[in-house]
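Spelled out, the chains give:
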Amino acid sequence: MSDTRIDFLYLDEKDMIAAGVQDMEKCVETMSEVYRLMGEGDYIMGGDNHNSHGQRMHFPENPTHPGMPHDGPDRRFMAMMAYLGGKFHICGEKWYGSNLDNVPKGLPRSILMVMLNDPDTGAPVALMSANLLSAMRTGAIPGVGARYLAPKDAKVCAMVAAGAISRSSLPSIMIARPSIETVKIYDVFPAAAEGMKAIVEEKYPNVKVVICDSIEECVKDADIINVATSGKVDPRIEESWLKPGCFVSLPATVDMDQDFICKRASVVCDNFKMYEAWGQEMGYPLSQRINGMGERLFDYVHDGKIERDRVKDLGAIIAGKAEAREHDDQIVLFAQGGQGTYDVAWGWECWQEAKKKGLGITLNLWDVPALGRKSK
């Protein structure tokens, strides 16, 4: 028997950039394949139902032990684990700590790492910086939604909010629907809208960019709408403002008429089973704990406001098991909440590219001699 050695590849942020972590076109393709595999059921996430978003650890508000951290704004640790089949055939997790107090220190709110493991032995194969990885996969999801749910000849894209998520989402939408001729932007802070306008005009010189004074002005006549606001008040969007057949991407929450959501819109989730898992873990009403469209849909199903089979998964649509619309004029709402499958898939792609380019540092976990031989 030969010696058993376990090595893994460490990739810092510079390595990740060299490995193409910021390649949005490839990321959109990868996330599309993730959804297809999920639609086929070739994946597992955490929890007893195999669909948990992740395991979250909060600190107490008033710790009794010296040195124990206390609760604070967005202060938590979290592990998001997943197995993904197909060409990936990989296990892994995204692990991060989050603390809003990081920002005054010059640090990002969340500091993230992704670990990939052999699904058979459990041995680590790669450990990588994941802040850019996570931002890219988050930005890619609206583009995947636009590819499969938006009108094919989409000309007008509305961006409600001009922060980091909007700025990472627009490139994926432009990749999915290169027919877009006009980008409309609304943000409660005019400087943010002006900043995003300058970025869009530089990157897409042939696209007309319009800054709007209201949400209504922004979303009217838009074929694609992406809502990525933050804050305590959800943006109100009236059904009457929406163009028939438009696609509404919801990485954030929106205030819409419940009757419209439950009876007239086509509602699509990234993975409704994940919200059911959250419901099992956190209880009902889920939307009072996590304020997202997927969580609201869980509550609506629980309350009998909408039938379970009316809530479709994007993976099922891509796998050919469900239709996006009942008719061409139906408006599609796409609820997004983030999943560990995205992280392990994009991490796997970066790992493959890093190996091809000879990037990173190979680290040794251990070097175990064969049975019957003494360690040196």
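Above this text sits the structure in question.
Described below are features of the structure shown in this document. In this text the structure is predicted, and so the values were computed from the model without any measurement.

1. A closer look at the sheet that holds strand β13 (residues 266–269)
Okay, step 1: Reading across the sheet, the 8 strands line up as β10-β9-β8-β11-β12-β15-β13-β14 and stay open at both edges, with parallel pairing between neighbours. Here the strands that pair on one side only, and so sit at the sheet edges, are β10 (208–211) and β14 (311–313). Each strand axis lies, on average, 20 degrees off the axis of its neighbour in the sheet, ignoring direction.
Okay, step 2: Here β13 pairs with strand β15 (residues 332–335) via 4 bridges, running parallel. Bridge pairing in β15 places Ser266 opposite Val332.
Okay, step 3: The strands that helix α3 (residues 131–149) touches are β11 (224–227), β12 (247–250), β13 and β15; relative to β12, the one it contacts most, it runs at about 160 degrees.

2. Notes on the nonpolar core
Okay, step 1: Counting 112 residues, the largest nonpolar core has Met31, Leu116, Ile225, Leu297 and Leu333 as the members making the most contacts within it.
Okay, step 2: Residues within four places of Ile225 in sequence aside, it is in contact with Ala158, Val160, Val219, Leu242, Cys246, Phe247, Val248 and Ser249.

3. Some words on the environment of Pro60
Okay, step 1: Along the chain, Pro60 falls in the loop between β3 (55–57) and β4 (76–84).
Okay, step 2: Along the primary structure Pro60 and Asp255 are separated by 195 residues, whereas in three dimensions their C-alpha atoms are 32 Å apart.
Okay, step 3: Setting aside residues up to four positions removed in sequence, Pro60 forms contacts with Met68, Pro69, His70 and Asp71.

4. Side note on helix α8 (residues 272–282)
Okay, step 1: Within α8, the full set of buried residues consists of Phe272, Met274, Tyr275, Ala277, Trp278 and Gly279.
Okay, step 2: Buried positions along α8 lie against β2 (43–45), β3, β13, α9 (293–302), β14 and β15.

Conventions adopted
Residues numbered from 1 in each chain as written. Predicted model: local features only at pLDDT ≥ 70, side-chain atom pairs only at ≥ 80, totals over all residues. Heavy atoms only, no water. Pairing = 2+ DSSP bridges. Helix = DSSP H or I, 4+ residues; strand = E, 2+ residues; numbered from the N terminus. Axes fitted to C-alpha atoms, helices over the stretch in contact; angles between N-to-C directions. Contact = heavy atoms within 4.5 Å. Core = buried A, V, L, I, M, F, W, Y, C linked by side-chain atoms within 4.5 Å. Buried < 20%, exposed > 50% of the residue type's maximum accessible area, 1.4 Å probe, protein only.

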